[in-house]
Amino acid sequence: MSLYAFTGALETGLAFALVALGAYLTFRVLDFPDLTVEGSFPLGAAVAAKLMVSGVDAWTATIVAGLTGCLAGFATAFLNLKLRILHILAGILTAIALYSVNLRIMDRPNIGLINMTTVYTPFEKLGVPSLYAPMVLLLIVVIVAKIAVDLFLGTGFGLAMRAAGANPRMAQANGIQVGRMIVVGLAIANGLTALSGALFAQMLGAADVSMGIGVIVVALAAVIGGTALMPSRLIPLLTLSCVLGSILYRIALALALSSDAIGLTASDVNVVTAVLVAVALWVPVRKSSLLRRAGGAK
Amino acid sequence: MAKTLLAFTSALFCLALGASVYAADVKTMSIITMNDTPQLLEVKDGLLKGLAAHGYTEGKNLKVDFKSAQGNFGTAQQIVRQFIGEKPDVIVTITTPTSQAAVAATKEIPIIFTTVTDPLKSKLVTRLKHPGGNASGISDLVPTERQLDIVKEIVPKLKRLGLVYDPSLDNARSTVESIKALAPKMGFTTVESPAMGLNNVPSAGQALVGRVDAIFVPNDTTVYGAFESLVKVAQDAKLPIFTAERRSVQRGAVATVGFDFVDMGKRTADMVDKVFKGTKPGDMDVQYMKDLPNSLALYVNKESAEKMGVKLSPALLKRAAQVF
């Protein structure tokens with residue numbers, strides 16, 4: 001793996017780490033499998049791209065894009081809470097609706113962003129080589145987002161959200177409005193996802209309506225893989241493991257992509273990735289079962 | 001962590017060793033495609049055939065690295081990064097998004113893009129003549145007007161033309177826009193029937209039965225993916241289907257005027273050969289496949305035409321480059 005392949009894995013991993021943080025909030029904290037992300041990721045890309053080509057400055061475009069992601073989260077929460085639609089189905093419904101919405105926003109399936117002033121441009125002007133500029137900004141954004149999620153989950157509201165996910169009945173009995181927790185949780189998660197989409201599109205050089213394909217798998221691999229490799233009960237460590245999980249997934253993919261040497265071809269990338277992720281999931285299990293056997297006499 | 005580091009360093013060594021085996025006169029080409037659809041793989045095959053005709057043999061004086069993002073944008077970004085790290089003599093990008101990813105990522109390595117419909121709107125180049133920079137290539141914009149002429153020739157009483165396409169595809173959508181613009185001048189109206197995803201293709205066709213005189217399918221990988229199901233609907237309803245490329249005529253469409261994707265790959269190879277010989281992509285004009293000499297031909301399917309209730313005149317059959 002070359003330096004370029006490695007930095008490529010790092011920056012892509014960092015961009016998708018925001019989706020992983022969102023998925024941590026929904027899947028782990030709220031116990032709400034949210035598939036809206038397949039639509040809110042390209043939504044963020046679409047809104048940012050459309051605003052940027054309309055002359056809005058890249059930072060404003062990126063922030064507005066993140067906020068529209070919150071709306072997508074509200075939509076799923078509405079379908080689930082008010083219309084009583086099963087959580088998975090509610091997310092799928094919002095995601096497929098967003099497909100059409102994204103086409104409407106962009107007015108066509110693809111908007112090119114090459115040679116435009118993006119959020120990464122100021123870093124290049126500061127003298128950061130263009131290869132590393134996205135990484136510097138993404139690292140800052142991811143660290144800020146991670147700490148914000150940590151602090152949020154430590155507040156009274158955040159504790160209530162964790163209780164609502166861990167035991168909704170008990171939480172309800174203690175006066176926590178579980179519905180409100182789901183609304184806020186989904187809004188934050190999809191806001192992060194749309195922000196990720198906006199940042200990724202500016203790095204890629206285009207927003208495309210098909211960008212959402214596979215986002216959910218990547219997010220799950222990051223959350224499950226990350227927390228499996230680094231099991232913990234502390235929130236700051238769990239969110240850290242989600243970020244690391246996202247980066248490790250990309251490194252695994254980069255290794256899979258350079259596996260031609262051992263007789264694998266381009267079309268095998270998906271299965272190689274699946275095997276690598278499965279191994280990452282299995283190693284900690286094996287380790288703990290060995291430890292248990294070794295300490296069995298105790 | 002130490003183990004991971006060890007794995008990285010050993011992987012690096014393997015790559016370095018692999019690279020040093022090739023001598024200086026070996027040209028390196030990295031190809032990236034967004035999907036593995038038959039048309040795109042034909043372009044890649046044509047590219048390799050074309051390069052062979054120029055005297056480059058894979059494994060001898062040409063090293064080829066072909067990768068598909070399998071529809072995933074994150075993967076596409078990473079493949080592009082990996083290619084840049086390997087510093088090939090040329091990167092060939094198949095489809096619009098992969099071309100954008102490559103052009104956005106490197107200003108140094110020469111890029112030849114292919115099967116891009118609108119290189120200007122996609123921001124790959126800022127002008128078509130001597131585009132400057134490190135990228136040039138070939139557009140697959142279809143000769144829509146010529147294709148509609150054939151529809152009118154075979155279905156003279158055409159009043160309403162049905163359009164089956166996937167609105168999420170840039171190529172398909174821009175073709176539909178240009179058909180709608182041409183329709184009043186050519187004396188017919190259009191009825192759109194969108195098909196989002198392979199499963200919706202047959203129902204998109206059924207929705208047009210009784211409402212149109214003929215169906216036209218633009219260059220659309222979704223519809224072509226389930227084309228047989230659309231042909232069946234059309235044969236049952238005696239509705240002639242016309243398409244924008246050769247392969248689908250073989251699979252049951254009545255006729256098209258178009259280019260061959262293997263041929264398009266070969267024309268891409270001509271540009272790659274120039275890059276290998278030292279020409280900068282910025283000095284090469286962006287080409288439109290439909291305007292290149294001898295790129296267009298008439299293809300018809302006699303048997304399917306009869307099943308769809310239209311007769312092909314002997315004169316037309318004589319003009320055809322291929323009768324399926």
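**Focus on the overall build of chain B**
Logical step 1: Counting its regular elements, chain B contains 13 helices and 13 strands.
Logical step 2: Taken over the C-alpha trace, chain B has a radius of gyration of 22 Å; the compact-globule value for 324 residues is 20 Å, and the two agree within 12%.
Logical step 3: Its C-alpha atoms put chain B at 70 × 45 × 35 Å along the principal axes.
Logical step 4: Scored against the burial criterion, the 324 residues of chain B give a buried share of 51%.
Logical step 5: Long-range contacts, defined as pairs at least 24 residues apart, comprise 72% of the intrachain contacts of chain B with a sequence gap of at least 6.

**Points about the interface of chain B and chain A**
Logical step 1: Counting from both sides, the interface comprises 38 residues of chain B and, opposite them, 38 residues of chain A.
Logical step 2: Top element by residues in the side of chain B that touches chain A is helix H3 (residues 73-86) of chain B. It accounts for 11 residues.
Logical step 3: Each residue belonging to the side of chain B that touches chain A can be placed in one class, and the counts come to 15 nonpolar, 15 polar and eight charged.

**Quick word on the environment of Asp65 of chain B**
Logical step 1: Residue position: Asp65 of chain B is located in strand S2 (residues 62-68).
Logical step 2: In this structure, the C-alpha to C-alpha distance between Asp65 of chain B and Gln39 of chain B, residues 26 residues apart in sequence, is 19 Å.

**Overview of helix H7 (residues 156-166) of chain A**
Think of an α-helix as turning once every 3.6 residues; residues three or four places apart then point the same way.
Residue and element names in this part refer to chain A.
Logical step 1: Buried within H7 we find Gly158, Met161, Ala164 and Gly165. Down the axis of H7, the buried side of the element spans an arc of 115°, and every buried residue falls inside it. More than 90 degrees from the buried face of H7, the exposed residues found are Gly156, Leu159 and Ala166.

**Section: the nonpolar core**
Soluble globular proteins: nonpolar side chains tend toward being buried together.
Logical step 1: Core analysis: the biggest nonpolar cluster contains 193 residues, and Val19, Ala20, Ala48 and Ala207 of chain A together with Ile241 of chain B have the highest contact counts within it.
Logical step 2: Broken down by element, this core gets its largest block of residues, 17 residues, from helix H1 (residues 3-29) of chain A.
Logical step 3: Filtering out sequence-adjacent residues up to four positions away, Ile241 of chain B remains in contact with Ile215, Val217, Leu230, Val231, Ala234, Ala253, Val254 and Met308 of chain B.

Reading the values: rules and limits
Residues numbered from 1 in each chain as written. Chains lettered and ligands numbered in written order. Predicted model: local features only at pLDDT ≥ 70, side-chain atom pairs only at ≥ 80, totals over all residues. Helix = DSSP H or I, 4+ residues; strand = E, 2+ residues; numbered from the N terminus. Rg over C-alpha atoms; globule rule 2.2 N^0.38 Å. Buried ≥ 20, exposed ≤ 12 C-beta atoms within 10 Å, placed from the backbone. Contact = placed C-beta atoms within 7 Å. Nonpolar A, V, L, I, M, F, W, Y, C, P; charged D, E, K, R; others polar. Arc of directions from axis to C-beta. Core = buried A, V, L, I, M, F, W, Y, C linked by C-beta atoms within 7 Å.

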